[in-house]
Amino acid sequence: MKRILILLLVFLISFSAFSAEEEKKDLDPEGWWNALWENSNVCFDLFARSAFVRGGFTAGGGFSGGIETDQFRFDLYALTDYFLDPLGSMGALARMEFMIEGGVSLGWKFLKFWSFTTYVSCDIGYYCQFLVYPGNEINQLNSVFNGLMLRPKLMTELEIAKYYSLSVGVFYQFPVIPAYSDYNGFGILFSIM
């Protein structure tokens, strides 16, 4: 039920943003497309993140890059999380666990004040879980779960210079295909570029 509500919320926000743009566009059929990309520039982020899953925290980070317009942001991203308690067992069930993910992030600027910009966005990515079981060598990785991950997030960014800003955000992540509740959880992220 939570997934349906979150997807519905993301859809409604996207729909309201696009309907507001429809009211502003000229009668020219190509006008809305050209207006969407006006004042667009390249954006990139290097970020640290931590998620609270299985009663413990992860240590992770990643990078993203894409295009930013006056209203929207489109990024490709890659990230990884290292689990401090592999499989939630302090090492009894697995010696090491980490997750890698790549995907696309779609964001909408819904508030801008002074040098601060607040985004509502959603990451849609493909994740892979890797484990090293007890008794195995560290280089014997086992791919266990993989699938589609959704991550709605709220971020506030402070622009320091044209291509440099700091941001902080919160997110909730959940795998949807296949459903894997061990990776459901809230988290925080801090972007340094």
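No experiment lies behind these values; they were computed from the predicted model shown.

(A) Highlighting the overall build of the protein. Looking only at helices and strands, the protein has 2 helices and 8 strands in total. Put simply, the protein runs from its N terminus to its C terminus through helices and strands in the order α-α-β-β-β-β-β-β-β-β. Per-residue burial for the protein yields a buried fraction of 37% across its 193 residues.

(B) Layout of the packing of aromatic side chains. Applying the stated criterion across every chain, the model contains 11 aromatic pairs. On the basis of an interplanar angle of 55 degrees and a centroid distance of 5.7 Å, the ring pair of Y127 and Y183 is categorised as tilted. In this pair, Y127 is assigned in strand β5 (residues 116–132) and Y183 in the loop between β7 (164–177) and β8 (185–191), connecting sequence segments 56 residues apart. We classify Y127 as buried; its relative accessible area is 0%. Clustering of aromatic rings is evident, with ring pairs tying together F83, Y127, F145, Y180 and Y183.

(C) Just the environment of F44, in detail. Tracing the chain through its elements places F44 in strand β1 (residues 41–53). Sequence-wise, F44 and Y77 are 33 residues apart; in three dimensions their C-alpha atoms are separated by 9.4 Å.

(D) Molecular detail of the pattern of salt bridges. This model, assessed by the stated rule, comprises 10 salt bridges. D182 serves as the salt-bridge partner of R54, at 3.2 Å between the closest nitrogen and oxygen. Of the two residues, R54 is situated in the loop between β1 and β2 (56–68) and D182 in the loop between β7 and β8; the sequence distance between them amounts to 128 residues. A salt bridge links E157 to R73; its shortest N-O distance comes to 3.2 Å. Placement of E157 in strand β6 (residues 142–161) and of R73 in strand β3 (residues 72–83) is noted, with a sequence separation of 84 residues between them. Judged by relative accessible area, which is 7%, R73 ranks as buried. Within the structure, one salt-bridge network assembled from shared partners comprises D45, R73, D75 and E157.

(E) The arrangement of the pairing of β6 in detail. The pairing of β5 with β6 spans 15 bridges and is antiparallel. When the sheet's bridge partners are listed, F130 is paired in β6 with S143.

(F) Local environment of the environment of I100. If you trace the backbone, I100 turns up in strand β4 (residues 96–113). Taking relative accessible area as the criterion, I100 reaches 37% and is therefore assigned partly exposed. Residues I100 and Y126 lie 26 residues apart in sequence; the distance between their C-alpha atoms is 8.4 Å. Every residue in contact with I100, bar those within four places of it in the chain, is listed here: L79, T80, Y126, Y127, C128 and F130.

(G) Up close: unusual backbone geometry. The peptide bond linking I177 to P178 adopts the cis configuration, its omega dihedral lying at -10 degrees. Structurally, P178 can be placed in the loop between β7 and β8. Of note in this structure, R54 is not a glycine but carries a positive phi near 55 degrees. Non-glycine residue W114 carries a positive phi angle of around 55 degrees. Note on placement: W114 falls in the loop between β4 and β5.

(H) Layout of the confidence of the model for the protein. Overall, the predicted model of the protein reaches an average pLDDT of 79, with 77% of residues at or above 70. pLDDT under 50 marks residues 19–23. Its contacts with residues more than four places away, or in other chains, come to 2 contacts.

Thresholds, definitions, all that
- Residues numbered from 1 in each chain as written.
- Predicted model: local features only at pLDDT ≥ 70, side-chain atom pairs only at ≥ 80, totals over all residues.
- Heavy atoms only, no water.
- Helix = DSSP H or I, 4+ residues; strand = E, 2+ residues; numbered from the N terminus.
- Buried < 20%, exposed > 50% of the residue type's maximum accessible area, 1.4 Å probe, protein only.
- Phe/Tyr/Trp six-rings, centres within 6.5 Å; stacked < 30°, edge-to-face > 60°.
- Salt bridge = Lys/Arg side-chain N within 4 Å of Asp/Glu carboxyl O.
- Pairing = 2+ DSSP bridges.
- Contact = heavy atoms within 4.5 Å.
- pLDDT = per-residue confidence, 0-100.

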